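Now for the letters of each chain:
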Amino acid sequence: MDELSLRTLFHGALDEVAPPKPWLATAVREELDRRRVAVRPRRGFRFAKPAVQRAIAAVLVVLIAAGAAAAAIAIYEHRHNAVPVIPAPGGPVTRACGNDGNSVRMFDKNVGWRGTERTTDGGRTWRNVSPQAPAGSVKGPGAFCSLDPNVAWATFSTGSVPYQPTRMVLMSTHDAGQSWTQDAVIPVPWTVSWRINFSFLLDFLDLQHGWIFMEYATNPVQRRVYATSDGGRDWSLVSNAPDLGLGNLAFDCSQTGLMFNTPQRGWLTWGCSSGFGDTQPSGAQVIATTNDGGRTWAPVQLDGMPSGSDWICDATSPIFTGGNGVLQTRVNSFSLWIRVMASGGSEIQSPLRLTAVALGHRHGSITAGP
Amino acid sequence: MATQPASLAAIQAAKAGDDAAFERLLEPLLNHAYRLAAGLLHDHQAAEDAVQEAAFKAWRKLSQLREGSEMRPWFLAIVANQCRSSMRSRWRSTVGFEGAEPAIEASDDEVVARVELRRALRSINQDQRLVLVLHFYLDLPVGEIAPIIGISPRGAETRLLRATNELKRRMEAHRGRT
């Protein structure tokens, strides 16, 4: 899309959310008049003589410079003492297989998936192995999940209006995309409007056990979890509560993952610094877990995570090796690594010295340390 | 989109406490400020609130406007920061826009494209969203964007390029398979 087209699109798209307000100047003037009565700024007020001001300024400069130097030294030491993650022999890595189609998942040094594109030469070239879109496909949310080099699932929005799907069609391949089968048609349980975010996530633990998560960002939010134990042909609603019992946790935030590391234990994570709205999460809770296959869910309150209106939080879907895993959280721009246990429990590992590129992109297994 | 620089005398009068002078300086900037806020918040009422709040802060901070500085980039920076605070602290209903549904005369493809843009814009980080709205919606060149976001023109150009690429990538990602 060239610059002119993009600019035209911006004007069209944002003019819809910015109807003209000819009364704005009057409204601003009236509001200023109202507030000025209560408060008058103290312009030009001096609380000390110029010489004293210069002395205070000099002290502040010295203190700030010392603090900056200390921070620089700490950053230097951290970076140069980082322990690279090394692959451990054997041992499976369990991570969410679902993504939005843009993340790369390599199964060995040559073979991997990026949505419905596949590489066999380590990512140098990619081949589109997408299935034929089912009848009634419309633009809208979709999900993709690759379990191994040959097995993958993909979903399509279907309906009559873009971004207002009435049903999600699930397709699968067991031969690296050479052929696809339509496995199931899952009705969307709400009449969705394109104005309100509707999200769809997919995860498969193995060839039989899979889960679907749907979220419709009305207020209160509506959420559903479905499960299959036959590889995706039959799905049943497993969640008990219309909001999974999570209330408005991570309201209107982007989902970062649905992940089950056992048939019973699953994780939902959200990112609230890049959501579909500008809504702050409740405290710092952007992680929820289930211990009964998706029937009931509970938020995870991580010890040491800040709460309050000034903190925007993100969490990644966890990655497990055996009984332990890690996930990354971000509080505003500050990262925290969390060690999580497959059976429950978590602790902040700070600093967790990893080379981040190793997580999720190395084949075999990973060892998180120290 | 050039504007007449505010006269030095008008700014000095406003700094000296002439409220009417301040309002005369501010009024030509309000439309840009509202469009900026609406582009960042996607809510016309929230945008109006942000502009009013920013106007009050500008009145209180007018003494900080340097001699010879343009008022527009200074005020738009205040508006952008106000929008950032609003996004951090505000609970909002996600139920579409308030008021009547806008008349849509465009074809379906255009409607879809606009939805995709707004979704992609909302999913992008605030710094990138700001530079995109300033350039593609307020039609400001890089030279005028730089002082608003407080970086060099070269830095603004780089940020704009990255933001544009990221926006296009997200718009592609939001599209379903067809």
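Chemist: Any chance you could explain the overall build of chain B here in plain terms?
Modeler: Counting its secondary structure elements, chain B contains nine helices and zero strands. Taking all 178 residues of chain B together, the buried fraction comes to 52%. Of the roughly 8100 Å² of accessible surface on chain B, 47% is carried by carbon and sulfur atoms.

Chemist: I would appreciate a short explanation of the overall build of chain A in the present structure.
Modeler: When its secondary structure is counted, chain A shows three helices and 23 strands. Put simply, chain A has 370 residues, and 48% of those count as buried. In chain A, of all internal contacts separated by at least 6 residues, the share reaching a separation of at least 24 is 48%.

Chemist: What exactly am I supposed to notice about the packing of helix H1 (residues 8-15) of chain B against helix H2 (residues 19-26) of chain B here?
Modeler: Packed helix pairs are characterised by how far apart their axes lie and by the angle those axes make with each other. All names here are of chain B. In contact at an axis separation of 7 Å, H1 and H2 are set at 130° when each is read in the N-to-C sense. Overall, the two elements H1 and H2 adopt an arrangement that is oblique. You can see that H1 and H2 cross each other, and the crossing is left-handed. The residues of H2 that touch H1, namely those facing Ala10, Ile11, Ala13 and Ala14, are Ala21, Phe22 and Leu25.

Chemist: When you look at unusual backbone geometry in this model, what are you seeing that I'm missing?
Modeler: Where the residue is not glycine, phi is negative for most of them; where a peptide bond is considered, it is trans in most cases. Residues and elements named next belong to chain A. Between Asn219 and Pro220 the backbone carries a cis peptide bond, its omega angle lying at 5°. Positive phi, normally seen in glycine, also occurs at Ala176, with a value near 65°. Not every positive phi belongs to a glycine, and Leu244 is a case in point at roughly 60°. Its location among the elements puts Leu244 in the loop between strand S14 (236-237) and strand S15 (254-260). Taking relative accessible area as the criterion, Leu244 reaches 2% and is therefore assigned buried.

Chemist: Looking at this structure, how should I read the pairing of strand S12 (residues 210-216) of chain A?
Modeler: Residues in a regular strand point their side chains to alternate faces of the sheet. Residues and elements named next belong to chain A. Most of S12 is tucked away, with seven of its seven residues classed as buried. On S12, burial covers both faces: Gly210, Ile212, Met214 and Tyr216 on one face and Trp211, Phe213 and Glu215 on the other are all buried. Summarising the sheet, strand S11 (residues 198-204) and S12 pair through seven bridges and their orientation is antiparallel. Counted as the bridge partner of Phe198 is Tyr216 from S12. Pairing of S12 with strand S13 (residues 222-228), which is carried by seven bridges, proceeds in the antiparallel orientation. Paired with Gly210 across the strands is Thr228, a residue of S13. Turn length for the S12-S13 hairpin, with the two strands adjacent in sequence and antiparallel, is five residues.

Chemist: How do you make sense of the packing of aromatic side chains when you look at a structure like this?
Modeler: The geometry of an aromatic ring pair is captured by the separation of the ring centres together with the interplanar angle, meaning the angle of the planes. Enumeration according to the criterion identifies 10 aromatic pairs over all chains in this entry. Seen from their ring centres, Phe260 of chain A and Trp297 of chain A are 6.1 Å apart, and the 85° between their planes marks the pair as edge-to-face. With a gap of 37 residues between them, Phe260 of chain A in strand S15 and Trp297 of chain A in the loop between strand S17 (287-290) and strand S18 (298-299) connect regions that are remote in the sequence. Judged on exposure class, the residue Phe260 of chain A and its partner Trp297 of chain A are both buried. Three or more aromatic residues link up through ring pairs in this structure, and these residues are Trp153, Phe204 and Trp235 of chain A. Against the face of Phe56 of chain B rests Arg35 of chain A, its NZ or CZ located 4.7 Å from the ring centre. Positioned above the aromatic ring of Tyr137 of chain B, the side-chain terminus of Arg35 of chain B is 4.2 Å from the ring centre.

Chemist: I would appreciate a short explanation of the nonpolar core in the present structure.
Modeler: A general feature of soluble globular proteins is that nonpolar side chains tend to end up buried together. Within the largest apolar cluster, 71 residues are counted, with the highest numbers of intra-cluster contacts made by Phe10 of chain A together with Leu36, Phe75, Leu132 and Leu167 of chain B. Top contributing element to this core by residue count: helix H5 (residues 71-89) of chain B, with 10 residues. The residues contacting Leu132 of chain B, other than those within four sequence positions of it, are Phe10 of chain A together with Leu121, Ile124, Tyr137, Leu160, Ala163, Thr164 and Leu167 of chain B. Core analysis: the second largest hydrophobic core is formed by 29 residues, Trp211, Leu246, Trp270 and Cys272 of chain A among them.

Chemist: I tried to follow H2 of chain B on my own but got confused; where do I start?
Modeler: Side chains that are three or four residues apart share a direction in an α-helix, a result of its 3.6 residues per turn. If you check which residues of H2 of chain B are buried, you get Ala21, Phe22, Glu23, Leu25 and Leu26 of chain B. Residue Asp18 of chain B occupies the N-cap position of H2 of chain B, its side-chain oxygen lying 3.2 Å from the main-chain nitrogen of Ala20 of chain B.

About the cut-offs
- Residues numbered from 1 in each chain as written.
- Chains lettered and ligands numbered in written order.
- Predicted model: local features only at pLDDT ≥ 70, side-chain atom pairs only at ≥ 80, totals over all residues.
- Heavy atoms only, no water.
- Helix = DSSP H or I, 4+ residues; strand = E, 2+ residues; numbered from the N terminus.
- Buried < 20%, exposed > 50% of the residue type's maximum accessible area, 1.4 Å probe, protein only.
- Areas by Shrake-Rupley, 256 points an atom, 1.4 Å probe, with all protein chains shown as cover.
- Contact = heavy atoms within 4.5 Å.
- Axes fitted to C-alpha atoms, helices over the stretch in contact; angles between N-to-C directions.
- Parallel < 35°, antiparallel > 145°, perpendicular 65-115°, else oblique.
- Left-handed = near helix turned anticlockwise from the far one by under 90°.
- Pairing = 2+ DSSP bridges.
- Phe/Tyr/Trp six-rings, centres within 6.5 Å; stacked < 30°, edge-to-face > 60°.
- Lys NZ or Arg CZ within 6 Å of the ring centre and 35° of its normal.
- Core = buried A, V, L, I, M, F, W, Y, C linked by side-chain atoms within 4.5 Å.
- Polar contact = N/O pair within 3.5 Å; in protein donor to acceptor, adjacent residues only side chain to side chain.

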